[in-house]
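Next come the chains, spelled out residue by residue.
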Amino acid sequence: MQMVAQYGAEETARGHLASGTETSDGFVTLYEGGRINLTIESRVLLPSYQELFSCDEISTARRRLQDHRYGVDRYLEAGSELAILGSGTPTRRGLCCLARISAQAGL
């Protein structure tokens, strides 16, 4: 929370996602506590936040969650917001990212 107070939520999230494949201590704590749905990574995937982040940042968030065997599509479909990469009406950025992720996965 100190970083959020100092840099703001958006810049804190960007810096967090820019760390490559590394997950934060907070991510690990939430994962171990069964609350991975509260991580920055899970929030970045929600439609209300996707316009704030690049396709690379969205891809990083999704990959980190999947690396921890988190059911990303199920989380997004079950949430109160429509999924950008699941069912629902994705934004233009969401469609771009979906195409890129599919191409990288060989789909």
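Definitions and limits used
- Residues numbered from 1 in each chain as written.
- Predicted model: local features only at pLDDT ≥ 70, side-chain atom pairs only at ≥ 80, totals over all residues.
- Heavy atoms only, no water.
- Helix = DSSP H or I, 4+ residues; strand = E, 2+ residues; numbered from the N terminus.
- Buried < 20%, exposed > 50% of the residue type's maximum accessible area, 1.4 Å probe, protein only.
- Areas by Shrake-Rupley, 256 points an atom, 1.4 Å probe, with all protein chains shown as cover.
- Polar contact = N/O pair within 3.5 Å; in protein donor to acceptor, adjacent residues only side chain to side chain.
- Contact = heavy atoms within 4.5 Å.
- pLDDT = per-residue confidence, 0-100.
- Salt bridge = Lys/Arg side-chain N within 4 Å of Asp/Glu carboxyl O.
- Expected span 1.5 Å × (residues − 1).

**Focus: the overall build of the chain**
Each helix and strand counted, the chain has eight helices and zero strands in total. Ordering the α and β elements of the chain from the N terminus gives α-α-α-α-α-α-α-α. The buried share of the chain, taken over its 107 residues, is 30%. Carbon and sulfur atoms provide 53% of the accessible area of the chain, an area that totals close to 6,500 Å².

**Thoughts on the side chain of Thr12**
Turning to its location among the elements, Thr12 is positioned in helix 2 (residues 9-17). Among the polar contacts made by the side chain of Thr12, one reaches the main-chain carbonyl oxygen of Gly8 at a distance of 2.8 Å. Look past the residues within four positions of Thr12 in its chain and what remains in contact with it is Met3, Val4 and Tyr7.

**Comments concerning the confidence of the model for the chain**
For residues with low pLDDT, the predicted coordinates do not support detailed interpretation. For the chain, the average pLDDT comes to 75, and 69% of its residues sit at 70 or higher. Across the chain, the element-wise mean pLDDT spans from 56 in helix 8 (residues 92-104) up to 89 in helix 6 (residues 55-67).

**Observations concerning the pattern of salt bridges**
The tally for this structure, following the rule as stated, stands at four salt bridges. Linking Glu11 and Arg14 is a salt bridge whose minimum nitrogen-to-oxygen distance equals 3.7 Å. Note that Glu11 and Arg14 are positioned in helix 2 at a spacing of three residues, about one turn of the helix. Here the residues in one salt-bridge network are Glu10, Glu11, Arg14 and Glu57, joined through shared partners.

**Observations concerning helix 6**
Here helix 6 contains 13 residues, and its C-alpha end-to-end distance of 18 Å stays within 8% of the 18 Å for a straight helix at 1.5 Å per residue. Every buried residue of helix 6 is accounted for by Cys55, Glu57, Ile58, Ser59, Thr60, Ala61, Arg62, Arg64 and Leu65. Within two residues after helix 6, Arg69 carries a phi angle of roughly 55°, on the positive side.

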